[in-house]
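Breakdown of the fold
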Amino acid sequence: MRTNARLLAVEGDSVVRGVRWLDRSTGEEHEFFSADGGPVGVFVFVGYAPATSFVAGMAELDPQGHVLTDERQMTSADGLFAAGDVCQKRLRQVATAVGEGAATATEM
């Protein structure tokens, strides 16, 4: 695991074989490739801070800044829906965000 890093490149052919990143603390570039040349996995985590300042004062937010929605993904502002990781929920992953997006589009 690498923290305080910026991903520079994901390298490979039909699968990921390595990564290069910049250590933001030192400014040094690093790379990782598996010892046997096999595939490697990459999971990029960008944090928990929701980008919801544009709806502050319009829709109700929790203390961490996540938008509060009902079971239809409707916010406290009439006609304003929210879906994905900006919403208050337990699991923040692409799969849940995509599902909420599809459900929200249907509700709208």
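First, a word on scope: everything that follows refers to the structure included in this document. These numbers were taken from a predicted model, which means no experiment stands behind them. (Residues numbered from 1 in each chain as written. Predicted model: local features only at pLDDT ≥ 70, side-chain atom pairs only at ≥ 80, totals over all residues. Heavy atoms only, no water.)

**Details of the overall build of the protein**
Rule in force here: The helix count covers DSSP runs of H or I at least four residues long, the strand count covers runs of E at least two residues long, and both are numbered beginning at the N terminus. Throughout, radius of gyration means the C-alpha value; the globule benchmark is 2.2 Å times the number of residues raised to the power 0.38. For every residue, the accessible area obtained with a 1.4 Å probe (protein chains only) is divided by the maximum for its type, and the residue is called buried under 20%, exposed over 50%, and partly exposed between those limits. Contacts are assigned to residue pairs that have any heavy atoms within 4.5 Å of one another. In short, Shrake-Rupley with a 1.4 Å probe defines the accessible areas, and a residue's cover is counted only from the protein chains shown. Note on charges: Lys and Arg go in the positive column, Asp and Glu in the negative column, and His and the chain ends are not counted at all. Every charge is mapped onto a representative atom, which is NZ of Lys, CZ of Arg, CG of Asp or CD of Glu.
Counting secondary structure elements, the protein contains one helix and three strands. By the compact-globule yardstick of 13 Å for 108 residues, the protein is too spread out, its C-alpha radius of gyration being 19 Å. Over its C-alpha atoms, taken along the principal directions, the protein stretches across nearly 55 × 30 × 20 Å. Out of the 108 residues in the protein, the part that is buried amounts to 25%. Contacts in the protein between residues far apart in sequence, at least 24 positions, make up 12% of those at least 6 positions apart. Taken as a whole, the protein presents about 7800 Å² of accessible surface, with 54% of it coming from carbon and sulfur. Placing the 9 positive and 15 negative side-chain charges of the protein at their respective mean positions leaves the two points 3 Å apart.

**Thoughts on the environment of Leu 22**
Tracing the backbone shows Leu 22 in strand E2 (residues 16-23). Between the C-alpha atom of Leu 22 and that of Leu 7, which follows or precedes it by 15 residues, the distance is 6.5 Å. Setting aside residues no more than four positions away along its own chain, Leu 22 makes contact with Asn 4, Ala 5, Arg 6, Leu 8, Gly 27, Glu 28 and Glu 29.

**A closer look at a nonpolar patch on the surface**
Let me state the cut-off plainly: Patches were defined on residues exceeding 30% relative accessible area and lacking a salt bridge, with like-charge contacts within 9 Å and nonpolar side-chain contacts (Val, Leu, Ile, Met, Phe, Trp, Tyr) within 5 Å. Here, a salt bridge means any Lys or Arg side-chain nitrogen found within 4 Å of an Asp or Glu carboxyl oxygen.
Together, Leu 7, Val 10, Val 42, Val 44 and Val 46 make up an exposed nonpolar region whose accessible area comes to about 450 Å². With respect to the helices and strands, the residue Val 44 is situated in the loop between strand E3 (29-33) and helix H1 (94-107).

**Some words on the pairing of strand E1 (residues 5-12)**
To keep it simple, the criterion reads: Two strands pair under a simple rule: DSSP has to find at least two bridges between them.
With seven bridges joining them, E1 and E2 adopt antiparallel strand pairing. Paired with Val 10 across the two strands is Val 19, which belongs to E2. What sits between the antiparallel neighbours E1 and E2 is a turn of three residues.

**Some thoughts on the sheet that holds E3**
Worth spelling out the cut-off: Every axis in this analysis is a line fitted to C-alpha atoms, fitted for helices over the stretch in contact. Angles between the N-to-C directions lie between 0 and 180 degrees.
Overall, antiparallel pairing links the three strands, which are arranged E1-E2-E3 in an open sheet. Each edge of the sheet is formed by a strand with only one pairing partner; in this case those strands are E1 and E3. On average, each strand axis in the sheet is inclined to that of its neighbour by 20°, with strand direction left out of account. Relative to E3, E2 runs antiparallel, the two being bridged by five bridges. Note on E3: the bridge partner recorded for Leu 22 is Glu 29.

**A look at the side chain of Asp 62**
Stated formally: Pairs of N or O atoms are called polar contacts if they sit within 3.5 Å, as long as, within protein, a hydrogen donor faces a hydrogen acceptor (for residues adjacent in sequence, only side-chain-to-side-chain pairs).
Here Asp 62 is to be found in the loop between E3 and H1. Under the relative-accessibility criterion, Asp 62 is labelled buried at 9%. Within polar-contact distance, the side chain of Asp 62 engages the backbone nitrogen of Gln 64 at 2.9 Å.

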